[in-house]
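Next come the chains, spelled out residue by residue.
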Amino acid sequence: MSNSWSNWSGFVTAEPRLLASPADAGELGDLIRTAPGPVRVVGAGHSFTPLVKSQGTILSLEKLEGLVAHDAKKHQARVRAGTRLGPLMHMLQGIGQGLPNMGDIDRQAIGGALGTATHGSGPTLGAYHTQLETVQIVDGLGKVRDFKREGDQETIHAIGVALGAFGVLSEVTLNNIATYRLRRRKWVLPIADMLRDFETMMSEHRSAEFYYIPFSGYAQFIASDFSTEATTPRPTDDDEGSLRTLRRLRTGLAWLPSLRRRLILGAVAKVPAEDYVQDWLNVYVSDRQTRFNEMEYHLPFEEGPKALAEIIELTEKHFPEVYFPMEVRSVASDEFWLSPFHKRLTCSIAIHHDAANDPLPFMRAAEPIFRGYGGRPHWGKMHSLKAADLKKLYPRWDDAMAVRRDIDPQNRFVSPYMADLFGIEPSSFGIQP
Ligand SMILES: Cc1cc2nc3c(=O)[nH]c(=O)nc-3n(C[C@H](O)[C@H](O)[C@H](O)COP(=O)(O)OP(=O)(O)OC[C@H]3O[C@@H](n4cnc5c(N)ncnc54)[C@H](O)[C@@H]3O)c2cc1C
């Protein structure tokens, strides 16, 4: 019987010998010890890179989910690592806590979101891993190991962003904040104004981000700030409707750019500005139905506008098939060794390509621009970097690799893709037993 697995976009597929869902840490440890290697763990399969791919075993932690304990005073919650962000938001709201920030969707497992440094936007807001207070892993020998910020800070910094290679996370404690409300505003402005005022506009809100609408010359800016006002209805999300319009104009008018631009502008002019107040869990995320592949690079904050201008020029000159808006966010600097935000305030730029078409020519053309500005790739999104390139971007790379060897001395979590990424000799990784 074949075990087929594929990621959300359908770009990465695998035929592992075993697909398993352990029900507790004991069963997880047994599987890590005995299942056909390499052993890779999957959250929700929303990464675009082959992090989860394995011809040995893919372990899903879907049964390891839910709240374990919480501390009302410190706003801390201990959760099982298979918990999806959607249910997690509601669990936290129920105990008076809120995630300080979120990305675009709530489908990921918390273990998966931590595994790739998943982030939202905000110059003072870190990615999910910066919330880690304690970490419990099952290591490559099947042993349960516990670490906490106080006393094990270095190890937490080493394994907080771990790509499923530093043991399997079984439980984590997150530092949250008291539940809160946000006022969210959205409006359209010329991209030239956005690029000119980038530093101020991205810095003067708790959370700010924008989307550039390709072939339009316009951006949609989104700002969120704390609010104590009464809630007002969140307008119905029409991102999918807008995408359909952009795709239709792309398909019909890809080679008539001025007409395409005029019609896009007409559509953009009809998008109403938004201004509402809602509880945190009703603000951040949207439903993403149209499948795409994505590349996102994390750049030094101040390089964002120049890099984006080059990406826009490349896209509009050479890739008329592109229609997905480009997403631009900021992320706070942190101390985690494999965090793309390690010791630098970041501007993240994401480009998307319809999953029905080959994304590689566009991604390959864009990547040198991002790299030219010192970009570090999102671990879960398309990139072509290997160990030698990555080592130059991460000052604590060698230290992180030493911790990995300690946690996984038999290379049970090392697939061919991970071996390339981490520079591990193929002869030394464990395809057996
Ligand atoms: C529609 C869409 C929207 C997205 N929006 C954002 C966004 O706003 N911001 C952003 O930064 N990214 C975003 N992403 C990327 C996504 O958040 C990351 O790729 C994330 O890692 C996916 O989570 P997952 O649970 O699907 O993990 P998977 O893709 O299944 O796994 C990711 C990594 O984590 C490891 N892993 C999973 N669980 C565990 C565990 N328990 N222990 C140890 N390792 C584990 C896996 O082995 C793998 O290496 C988006 C992706 C999609 C498809």
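Here the structure is shown first, and the text comes after it.
Keep in mind the model is a prediction, meaning the values are calculated, not measured.

The next subject is the sheet that holds strand β10 (residues 144-148). Spatially, the 5 strands line up as an open sheet ordered β6-β7-β11-β9-β10, and their pairing is antiparallel. The sheet terminates laterally at β6 (67-71) and β10, the two strands that pair on one side only. Along the sheet, successive strands turn relative to each other by an average axial angle of 10°, direction set aside. Here 5 bridges tie strand β7 (residues 76-80) to strand β11 (residues 168-175), and the two strands are oriented antiparallel to one another. Across the sheet, Arg80 pairs through a bridge with Glu171, a residue of β11. Lying on the sheet, helix α1 (residues 25-34) is in contact with β9 (132-138), β10 and β11; it crosses β9 at an angle near 55°.

Moving on, we get to the pattern of salt bridges. Taken as a whole and assessed by the stated rule, the structure comprises 31 salt bridges. When the shortest N-O distance is used, the salt bridge between Arg33 and Asp30 registers 2.5 Å. Here Arg33 and its partner Asp30 are both found in helix α1, 3 residues apart, which amounts to about one turn of the helix. Using a relative accessible area of 43% as the deciding quantity, one classes Arg33 as partly exposed. With a relative accessible area of 41%, Asp30 lands in the partly exposed category. Salt bridges sharing partners connect three or more residues here, namely Asp104, Glu294, Glu296, Glu327, Arg329 and Lys381.

Take the packing of helix α7 (residues 239-253) against helix α8 (residues 257-270) next. Contact geometry for α7 and α8: axes closest at 10 Å, N-to-C directions at 165°. Classed by the angle they form, the pair α7 and α8 counts as roughly antiparallel. Our pair here, α7 against α8, has a crossing hand that is right-handed. Side by side, α7 and α8 meet where Thr245, Leu246, Leu249, Arg250 and Leu253 of the first sit next to Pro257, Leu259, Arg260, Leu263, Ile264 and Ala267 of the second.

Moving on, we get to the site of the ligand. Near the ligand you find 37 residues, and of these Val41, Gly43, His46, Ser47 and Thr116 are the closest. A distance of 2.7 Å is found between an oxygen atom of the ligand and a backbone nitrogen or oxygen belonging to Gly43. Within the side chain of Thr118, one N or O atom sits 2.9 Å away from an oxygen atom of the ligand. Protein contacts shield 99% of the accessible area of the ligand, which totals 970 Å² for the unbound molecule. Contributions of two or more residues to the shell around the ligand are made by β4 (39-42), α3 (110-115) and β11. With 4 residues, the top contributor of residues to the shell around the ligand is α3. A per-class count over the shell around the ligand returns 16 nonpolar, 16 polar and 5 charged.

The rules behind each value
Residues numbered from 1 in each chain as written. Predicted model: local features only at pLDDT ≥ 70, side-chain atom pairs only at ≥ 80, totals over all residues. Heavy atoms only, no water. Pairing = 2+ DSSP bridges. Helix = DSSP H or I, 4+ residues; strand = E, 2+ residues; numbered from the N terminus. Axes fitted to C-alpha atoms, helices over the stretch in contact; angles between N-to-C directions. Contact = heavy atoms within 4.5 Å. Salt bridge = Lys/Arg side-chain N within 4 Å of Asp/Glu carboxyl O. Buried < 20%, exposed > 50% of the residue type's maximum accessible area, 1.4 Å probe, protein only. Parallel < 35°, antiparallel > 145°, perpendicular 65-115°, else oblique. Left-handed = near helix turned anticlockwise from the far one by under 90°. Near = heavy atom within 4 Å. Polar contact = N/O pair within 3.5 Å; in protein donor to acceptor, adjacent residues only side chain to side chain. Areas by Shrake-Rupley, 256 points an atom, 1.4 Å probe, with all protein chains shown as cover. Nonpolar A, V, L, I, M, F, W, Y, C, P; charged D, E, K, R; others polar.

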